[in-house]
Structure formats: structure tokens, C-alpha cells
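# A structural walkthrough
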Amino acid sequence: MTKNLARISTTSATELLFRIAVEKAIGRPPGRTDGDLLPAAQGFCELLKDAVVTTLLVEEDAPTRSEYDPSPARSPEWACQLLESLYCLEVPPETMESVVAHLLAKPRLHDMGKTMLPAIEPLFEWLGAERAKDAPWFVKLCLGCLAELREEVCVKPREPRNWAMPVTCVCSCKRCQELVKLCLDPARAYLLMEEVTEDEEAHLRDSVQRYNLPISPEERDGQTDLEWTKAGSDKFPDQSELRGAIWDQRKLAMKAKKLRDNRALIRNMLGDLLGEGLNSTRGV
Ligand SMILES: [Zn+2]
């Protein structure tokens, strides 16, 4: 069976299992009870279930590719079909927990935001509050998701680099003072100087060399503008660290909100059952 299963994807095998085990309700409730199944189908279902579990538990996570590649994450519907099928077929509790642990440990295939979190609520509704609370695998799933969300908000956002570079005062002309201002600015690493004559450029280059300013001009190929960048910066990094840090903070705030929302959701589902696990997330 496992050998044959290799020819169809785990996703298709799970869906097939679900169609028989849950929709035709050969297992325990809450599967529907309007099935009209051939007796042989039950045996087939048992074999298929074993094959799905065996294949799943040895499965590697999808390789990490470029962040621009489409996500390999499975759907929350798939996660629900899998867990509902195994539950209906009365898979032993320890196997259920192993399957949940496996899903959580393979985050590319079972992405927290795309696969796992969106599966929690439908699973809870399908199980019903009492069964959900009595199912250690479901509790494990909820706690595992919360732990992952907590980890995401424990990341320290990067500090913007301080670009201030002390310089001894140079020539007091307007152009040189623009360069001094650029050197002293903690957030800027780039300056576009407009309408610079060749004489001015020669004077500025002389000042930079004479006073050892940590900046350099770009070659301007006949342009009237002259660009300056600070030493150690990329070509167009002006305020990019600052923008990056603000973006980091924003992302972190969004993750903290996601944690709070999901913690509230799970607390509503499982109540006091998770008191300790949930309290440890206090302060976020
Ligand atoms: Zn000057």
C-alpha cells in the first residue's frame, strides 16, 4: 500500500481517506452517518490510513527557496481532512500527537499562517467543544501554534545604523557646509547636490581630501547634479536603515496582534484547560 501510495500525492491520498472515513462515516462521530459503504471499503480505509500516516511521518519539509517563490504550504482544508479522518478512524492518541508534532515541525509544508492557524477554528467546530477539550492532539495543536507565534514576537527588531560621522569643520562655504551636514546626520548616507559647476566640484573634491571627509562623489558623466555617498553605505541607502527599522517595528506589532487575537480565540475554545500555557505569554 505504501509503495502504491507513492504514486499519488499525500494530499490526494488524504482527500480520498477523508471522503470515505469522514463523509461516509465509517468511523466514530462526528462523521456523518448517511454512509452506504461496501464492507470491503472499511478494510481499504484502514490500510489507506496506515499508509498516509507512515508516509507523512517520514516526509521531509519542502526545501527553502527564494522568498519570491510560491509557498509550498498545504491548505488548512487539507490539515482538517487529515486530522478529522484519523480521528474518525480512531488512530491511537499517541499517533495523533505524533502527526500533530510532525505538522508543526515542518513549517514550510505546514505554514503557521497559511495552514495551521486557519485549521484550528474549523477543527474545533467540527469536534465540538467537549471532544476538543478531551483531545490531547487538539490541545497540542493549539499550544504548538501559540508557541510558534510567541517565538515570532520574541525577535528583537534591528536598530537603525547610526550614520553620524564626526568631522572637523571645513570651509564655511554653502556647498562644503552641505557636506558637513550630511556627515553629521545620523540617518542620511546620501546627498544629491543640484546644479554643481565644475569649479565647485573641484573645490568640493579638494575639501573632501583635505579634511578627510568620509564621503565620496559619484562620477557624473556630464550631469549637472552631483551625488554623494557615505563610506560603507550602498549606492542608494539614504535613510534605508531607518525605514528598515520602522518596517521591522511595524511587522512586529502586527505579529504581536496576531498572537493576542489567536490567544483570545484559543482561550475561548479551551478555557481554563490551558491556563498555564496561556499565562506564560503575558506581557505581549
Ligand atoms: Zn567650501
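Residues numbered from 1 in each chain as written. Predicted model: local features only at pLDDT ≥ 70, side-chain atom pairs only at ≥ 80, totals over all residues. Heavy atoms only, no water.

### Examining the sheet that holds strand S3 (residues 226-230)
Adjacent strands of a sheet pair through backbone hydrogen bonds, lying either parallel or antiparallel. Here three strands make up an open sheet; going across it, the order is S1-S3-S2 and the pairing antiparallel. Unpaired on one side and paired on the other, strand S1 (190-193) and strand S2 (215-217) mark the two borders of the sheet. Across this sheet, the average inter-strand angle for adjacent strands is 20°, counted without regard to direction. Across four bridges, the pairing between S1 and S3 is antiparallel. Among the inter-strand pairings, Tyr190 is bridged to a residue of S3, identified as Thr229. This element, helix H9 (residues 174-184), spans S1, S2 and S3 of the sheet and lies at about 160° to S1. Against the sheet, helix H10 (residues 198-210) touches S1, S2 and S3, its axis set at about 15° to S3. (Pairing = 2+ DSSP bridges. Helix = DSSP H or I, 4+ residues; strand = E, 2+ residues; numbered from the N terminus. Axes fitted to C-alpha atoms, helices over the stretch in contact; angles between N-to-C directions. Contact = heavy atoms within 4.5 Å.)

### A few points about the coordination of the zinc ion
With distances of 2.1 to 2.3 Å, the protein atoms coordinating the zinc ion are Cys171 (SG), Cys173 (SG), Cys176 (SG) and His203 (NE2). Taken together, the four donor atoms surrounding the zinc ion define angles of 99 to 118° at the centre, an arrangement classified as tetrahedral. Counting residues between consecutive donors of the zinc ion along the chain gives the motif C-x1-C-x2-C-x26-H. When its relative accessible area of 23% is taken as the criterion, Cys171 is described as partly exposed. (Donors = N, O, S within 2.8 Å, 3.2 Å for Na, K, Ca; no water. Tetrahedral: all angles 85-135°; square planar, octahedral: opposite > 155°, others 65-115°. Buried < 20%, exposed > 50% of the residue type's maximum accessible area, 1.4 Å probe, protein only.)

### Remarks on the packing of H9 against H10
Following both chains from N to C, one finds H9 and H10 inclined at 45°, their axes separated by 10 Å at the closest point. As judged from the angle between their axes, H9 and H10 are oblique. For the pair H9 and H10, the crossing hand works out as right-handed. Note on element contacts: H10 touches H9 through Glu200, His203, Leu204, Ser207 and Val208, opposite Arg175, Cys176 and Leu179. Taken together, the residues of the contact of H9 with H10 sort by class into four nonpolar, two polar and two charged. (Parallel < 35°, antiparallel > 145°, perpendicular 65-115°, else oblique. Left-handed = near helix turned anticlockwise from the far one by under 90°. Nonpolar A, V, L, I, M, F, W, Y, C, P; charged D, E, K, R; others polar.)

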